[in-house]
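As a plain string of letters, each chain reads:
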Amino acid sequence: SSAIPGLSPERAAALAWAEPARGDVVVFQHPEQPGVVMVKRIAGLPGDMVATDSAGRLALNGTPLPFQPVEGTSDFWHQCLPQGPCPLIRARPSGKTFAPAAEPVRVAPGHLYVLGDGRLGSSDSRGGWQVPVGAVLGRVVAVIWSRDPAPSQGPLDWLAQFAPARTLRSVE
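Here the structure is a predicted model, which is why all the values come from computation and not from measurement.

Parameters at a glance
- Residues numbered from 1 in each chain as written.
- Predicted model: local features only at pLDDT ≥ 70, side-chain atom pairs only at ≥ 80, totals over all residues.
- Heavy atoms only, no water.
- Salt bridge = Lys/Arg side-chain N within 4 Å of Asp/Glu carboxyl O.
- Helix = DSSP H or I, 4+ residues; strand = E, 2+ residues; numbered from the N terminus.
- Buried < 20%, exposed > 50% of the residue type's maximum accessible area, 1.4 Å probe, protein only.
- Pairing = 2+ DSSP bridges.
- Axes fitted to C-alpha atoms, helices over the stretch in contact; angles between N-to-C directions.

A short note on the pattern of salt bridges
Move 1: A full pass over the atoms with the stated rule returns three salt bridges.
Move 2: Here aspartate 48 and arginine 22 are joined by a salt bridge, their closest N and O atoms 2.5 Å apart. Placement of the pair is aspartate 48 in the loop between strand S3 (37-44) and strand S4 (49-52) and arginine 22 in the loop between strand S1 (12-15) and strand S2 (25-29), with a sequence separation of 26 residues. Neither residue differs from the other here; aspartate 48 and arginine 22 are each classed as buried.
Move 3: Aspartate 124 is the partner of arginine 126 in a salt bridge, and the nearest nitrogen-oxygen pair spans 2.9 Å.
Move 4: Residue class for aspartate 124 comes out buried when judged on its relative accessible area of 1%.

Laid out in structure tokens, this is it:
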């Protein structure tokens, strides 16, 4: 599961780093599912109070973060993280919903709160889990290969699903 639509851990270039920062896209071992590796964006650091509204927009430490809708669509917006990037967030992926936590959550010491950029279709920390810092394998710096997810029709589907606009790109 990925912070960036179409990006899986197998298709990302990741680097080890010393200090996680809010806004980093990271590869990590799922804390509750052994053997499952995920890619998500760090939204909360230890001690932060994190909340999302029904559309998946983020509030940190009681302050809603500003967001800017993308002109011409109601499905995407940019939401800037403090001292971090302004990732493109997908608001309404077709056919998927997610009920965010109703109450704000404090990030535990030694843990990270992660969110997918496809907010309403993402399996992330809103499901009640946080990522131990030690479970982080590295920070994603580039997308090597991307595809548009679609049901498999045959052994060569990967060619038809190839998404060149998202391939060989740096990650903000």
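Picking up where we left off.
With respect to unusual backbone geometry
Move 1: If you check the backbone angles, asparagine 61 has positive phi at about 50° while not being a glycine.
Move 2: Owing to a relative accessible area of 46%, asparagine 61 belongs among the partly exposed residues under this scheme.

Things to note about the sheet that holds strand S7 (residues 67-69)
Move 1: If you walk across this open sheet you meet the three strands as S7-S8-S9, and the pairing is antiparallel. Edge positions in the open sheet fall to S7 and strand S9 (88-90), since each of these has one partner strand only. Adjacent strand axes in the sheet meet at a mean angle of 35°, parallel and antiparallel pairs treated alike.
Move 2: Where S7 and strand S8 (residues 76-79) come together, three bridges link them in antiparallel fashion. By the bridge assignment for S8, phenylalanine 67 is matched with glutamine 79.

By themselves these figures say nothing about function.
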